[in-house]
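Structural overview
What follows is the residue order along each chain.
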Amino acid sequence: MFKNFIPIILTTILSANTLSTSLKSVPMERPFSVESNSSIFDNSVSYTHKKLLSCQPTIDAVYRVVSDKKLKVIPKESLKSATDYSCSYKNNSFNFTTEPLTVKEYHYFKRDRVLRLNFSAKLDLKDAKNHIRLEKIDKLTKTNLNYTIINHNDRVLLLKINEPVGNHGVELTIDNTILAEKFSTIFNDDKLAPVVLDKEKKP
């Protein structure tokens, strides 16, 4: 009799619905898809503001039912960076992780003493000044530079240094409270740039 239960158990396991995201790391602000191996989404509706997914942390989103096996999630607000989300749709659950926040571009305008930082997603300015440090490099010593955040537009941050720098190097450091990994770079001093050796030349 036990042998008769084995096909039933296998059929139940194989037919169990699984949900997964289309990307390994989900973007914080761009749409992403949730896919199913069986027909569970109501494709009689195209777009809806109804809360189709129940997630922790919560997600504020618009949903597009692409097909009975595919749901597109369109975030209305940025998701948290480098965060594990646990979601469910009806009786089906799945997990995903969001991308880490990174610095995409950075420029130092020496004459104006302004730094322009471009991040991969929206930056929360709540305590940014506590985690972004600017230092003046004078030979072997470093001193903190006073600066002001003069503009913040979505992903772009402008920092204005409030004291003379001259030709000294300026080091920017952003700790891993804001970013997934600590970020550091040096501006305005060619002597501090890494030396690239030509392997083809003789010593």
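Residues numbered from 1 in each chain as written. Predicted model: local features only at pLDDT ≥ 70, side-chain atom pairs only at ≥ 80, totals over all residues. Heavy atoms only, no water.

With that out of the way, let us pick up the sheet that holds strand S17 (residues 183-187). Spatial ordering of the open sheet is given by S13-S12-S16-S17, a layout of four strands whose pairing is antiparallel. At either margin of the open sheet sits one strand with a lone partner, and together these are strand S13 (141-144) and S17. Across the sheet, the mean angle from the axis of one strand to that of its neighbour is 25 degrees, orientation sign disregarded. Pairing analysis gives six bridges linking strand S12 (residues 132-138) to strand S16 (residues 169-174), with the strands arranged antiparallel. When the sheet's bridge partners are listed, Arg133 is paired in S16 with Thr173. (Pairing = 2+ DSSP bridges. Helix = DSSP H or I, 4+ residues; strand = E, 2+ residues; numbered from the N terminus. Axes fitted to C-alpha atoms, helices over the stretch in contact; angles between N-to-C directions.)

Moving on, we come to the pattern of salt bridges. Counting across every chain of the model gives four salt bridges. Here Arg155 makes a salt bridge to Glu29, at a shortest N to O gap of 2.7 Å. Of the two residues, Arg155 sits in the loop between strand S14 (147-153) and strand S15 (156-161) while Glu29 sits in the loop between strand S2 (25-26) and strand S3 (32-36), which places them 126 residues apart along the sequence. A relative accessible area of 27% places Arg155 in the partly exposed class. Relative accessible area serves as the criterion here: at 23%, Glu29 is assigned to the partly exposed category. Of the charged contacts in the structure, one is a salt bridge between Glu135 and Arg133, with a shortest N-O distance of 3.5 Å. Overall, Glu135 belongs to the buried group, its relative accessible area being 11%. The class for Arg133 is partly exposed, based on a relative accessible area of 38%. (Salt bridge = Lys/Arg side-chain N within 4 Å of Asp/Glu carboxyl O. Buried < 20%, exposed > 50% of the residue type's maximum accessible area, 1.4 Å probe, protein only.)

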